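# Breakdown of the fold
For reference, the chains in residue letters:
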Amino acid sequence: MLGGRIEDVADRDLFMIDTKQTTAVPAPREEGEDEEAELTEELFGQLESKFQDGEAGEEELFVIDRGEKRPVWCDEDEGEREVELGDSNITKKLKIVDENKTLTGRQLEERLRNQYTKIHATPNWATKPKQQSALLASTGSLTQTSKTLPTKKLAVSRCKNLNFRKAANCVIKSLEFHPSATVGFVAGYSKSLDLFEVDGENNRHLHRQHFPNFPIDCARFTKSGGEEVILGSKRPHFYTFDLNKCTGTKMAGVRNKPSLHYKNFSLSSQYIGFQGQDGMFALFSAIDKQIVKCVTHRTRINCSMFVDEHHFVTGGQGGFLTYWDTRTWKPISDFQDEGALHCTAVGLSDRHLAVGSDSGVVNIYNRDELLQRSATPLRAVMNLTTSVGSVTFNSTGELLAISSKEVKQALRLVNLHSLHCVPNWPTGKTPLNYVNSVNFSPNSGYIGVGSSKGQALLYRLNHYPSF
């Protein structure tokens, strides 16, 4: 066929199919490819074989088992080290009654971790939000306690004072409970902020932070998880205390505003509002603590409160409450408190508005009436005879604590179901003295009262099962 033409070749002889199986010769590997192949086989070999055999499910193909978290490096000598708890004031706090003063390194590490957990709750950003089902979102009170607050008597038990381990020798101006951890603080004219573990029995002291030349008039946990405490005084500045770092930071006030003191303030998750003497209300950012806006009330401001993220209320001379919008920085309405010459305290719950006056009268309204010019109160509580210092609702909106610091024993609890004061507490023998601060725990299990004798009184409200 050589030399012939291709046209003369039969079609069946033009192509040939080789059916004989041959073994491919692998190409020579370069340096380092062997290690790479071994690593690939170790990581994906088992999964690949399952996939080829059809044994692996859809979920198995995308799950990597990372195993239990282990420290990257451990100091072997650290566990054998012995620490004397009495060597410094910091380690003294770790000592338990009637135990040896010496701990090993491992024991010290575990005790420090436990103390940190008790002081600092898990922040909001580290907690995965739980998605509430449509059923729970629509049930309302079905997810709450089924018991109704009794209208005749309230079961109250006396606990050890919150600050009995670190008693103060001055007025307690602020007492508040952490929104998520069983921790509370006490602050006042001692210029110190004291943190305690709240259990009603031991009330262990956790930390003390001193603020030189700063007698504390008001202190509150921030609304964004309670990771900070804002502290105010009759000074041209205020302080913040970081619970994670246990450090205090001095924050500058507004320049050229000598009449603006930082003695009283209210909080939202976005703003801190400080009350001035000449009707000025200065709003600072709750994040960076910088001035955002100053608005002016018609008269001197005696009380203020944030309604939600976009609205707040200021009250003062003349018995007017002004309702503001933070989006326009303009007042929406002026509410006239019935029969009041001066508004001295204001409180809000989901259903009610409470306004205290200098005459001792506390008017209770429906919350929706705040946007009206005037309204008739549901009830005027006249159990106090001097200027009302505070009106505080509990978490369920069933109880209202009203107090005055002008006379002794001036504290009453109002049952919002009956709109009458609780008859059996407090009694004439309850050692309240002059009441300067009142607060409920997050789930209303406790009520704390700060007195002028430096006592942070703690009482258990037995109707509510939890802290």
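Everything numeric here is computed off the predicted structure, so don't read it as measured data. (Residues numbered from 1 in each chain as written. Predicted model: local features only at pLDDT ≥ 70, side-chain atom pairs only at ≥ 80, totals over all residues. Heavy atoms only, no water.)

## Re the sheet that holds strand E5 (residues 183-188)
The strands making up a sheet associate through backbone hydrogen bonding, with each pair oriented either parallel or antiparallel. The cut-off we apply is this: By this definition, two strands are paired if DSSP reports at least two bridges between them. To qualify as a helix, a DSSP run of H or I must reach at least 4 residues; to qualify as a strand, a run of E must reach at least 2; elements of each kind are numbered from the N terminus. As a rule, the C-alpha atoms of each element are fitted with a line to give its axis, helices using only the stretch in contact, and angles between N-to-C directions run from 0 to 180 degrees.
The 4 strands lie next to each other as E4-E5-E6-E7, forming an open sheet whose pairing is antiparallel. The sheet is open, and its two borders are formed by strand E4 (172-177) and strand E7 (205-210), each paired with just one other strand. For this sheet, the mean inter-axis angle between neighbouring strands, taken without regard to orientation, is 15°. Pairing analysis gives 5 bridges linking E4 to E5, with the strands arranged antiparallel.

## Thoughts on the packing of aromatic side chains
Keep this limit in mind: Stacked, tilted and edge-to-face pairs are distinguished by plane angle, under 30 degrees for stacked and over 60 for edge-to-face with tilted covering the rest, among Phe, Tyr and Trp rings (Trp via its six-membered ring) whose centres lie within 6.5 Å. Each residue's exposure class comes from its accessible area (1.4 Å probe, protein chains only) as a fraction of the maximum for that residue type: buried when under 20%, exposed when over 50%, partly exposed otherwise.
If you walk through the whole model with that rule in mind, you get 20 aromatic pairs. Between the aromatic rings of Phe-238 and Phe-274, the centroid separation amounts to 4.9 Å while the plane-to-plane angle is 40°, which identifies the pairing as tilted. Highlighted residues: Phe-238 in strand E10 (residues 237-242) and Phe-274 in strand E13 (residues 271-275), separated in sequence by 36 residues. Taking the relative accessible area as the measure of exposure, Phe-274 reaches 0% and is therefore buried. Where Tyr-271 meets Trp-329, the ring centres are 5.8 Å apart and the plane angle is 75°; that geometry is what we call edge-to-face.

## Section: the nonpolar core
Note the cut-off: Here, nonpolar core refers to any group of buried Ala, Val, Leu, Ile, Met, Phe, Trp, Tyr and Cys residues whose side-chain atoms link them within 4.5 Å. Should any heavy atoms of two residues lie within 4.5 Å, those residues are counted as being in contact.
Among the nonpolar cores identified, the biggest contains 18 residues, and Leu-154, Leu-399, Leu-411, Leu-413, Phe-440, Ile-447 and Leu-461 are the most heavily contacted of them. Put simply, the parts of the chain that give this core at least two residues each are strand E25 (399-403), strand E26 (411-415), strand E28 (435-440), strand E29 (446-451) and strand E30 (456-461). Once residues within four sequence positions are removed from consideration, Leu-154 is found in contact with Leu-149, Leu-399, Leu-413, Val-422, Asn-424, Leu-461 and His-463. Membership of the second largest hydrophobic core comes to 17 residues, among which are Leu-195, Phe-211, Phe-241 and Leu-243.

## Focus: the environment of Gly-454
Along the chain, Gly-454 falls in the loop between E29 and E30. Ignoring sequence-local partners within four residues, the contact set of Gly-454 consists of Asn-163, Ala-168, Cys-170 and Ile-172.

## Comments concerning the pattern of salt bridges
Spelled out, the test is: Any Lys or Arg side-chain nitrogen found within 4 Å of a carboxyl oxygen on Asp or Glu counts as a salt bridge.
In this structure the tally under the stated criterion is 5 salt bridges. Here Asp-194 and Arg-208 are joined by a salt bridge, their closest N and O atoms 2.6 Å apart. One end of the pair, Asp-194, is in strand E6 (residues 192-197); the other, Arg-208, is in strand E7, with 14 residues separating them in the sequence. For Arg-208, a relative accessible area of 36% corresponds to the partly exposed category. Of the charged contacts, one joins Asp-325 and Arg-327 as a salt bridge, the two residues approaching to 3.2 Å between their closest N and O atoms. Overall, Asp-325 belongs to the buried group, its relative accessible area being 10%. On the basis of relative accessibility, which here comes to 54%, the residue Arg-327 falls in the exposed class.

## Quick notes on unusual backbone geometry
Cis geometry marks the peptide bond from Trp-425 to Pro-426; its omega dihedral reads -5°. Locating Pro-426 in the fold gives a position in the loop between strand E27 (420-421) and E28. In this structure, Leu-419 takes a positive phi of about 60° despite not being glycine. Tracing the sequence through the fold places Leu-419 in the loop between E26 and E27. Overall, the relative accessible area of 17% leaves Leu-419 in the buried class.

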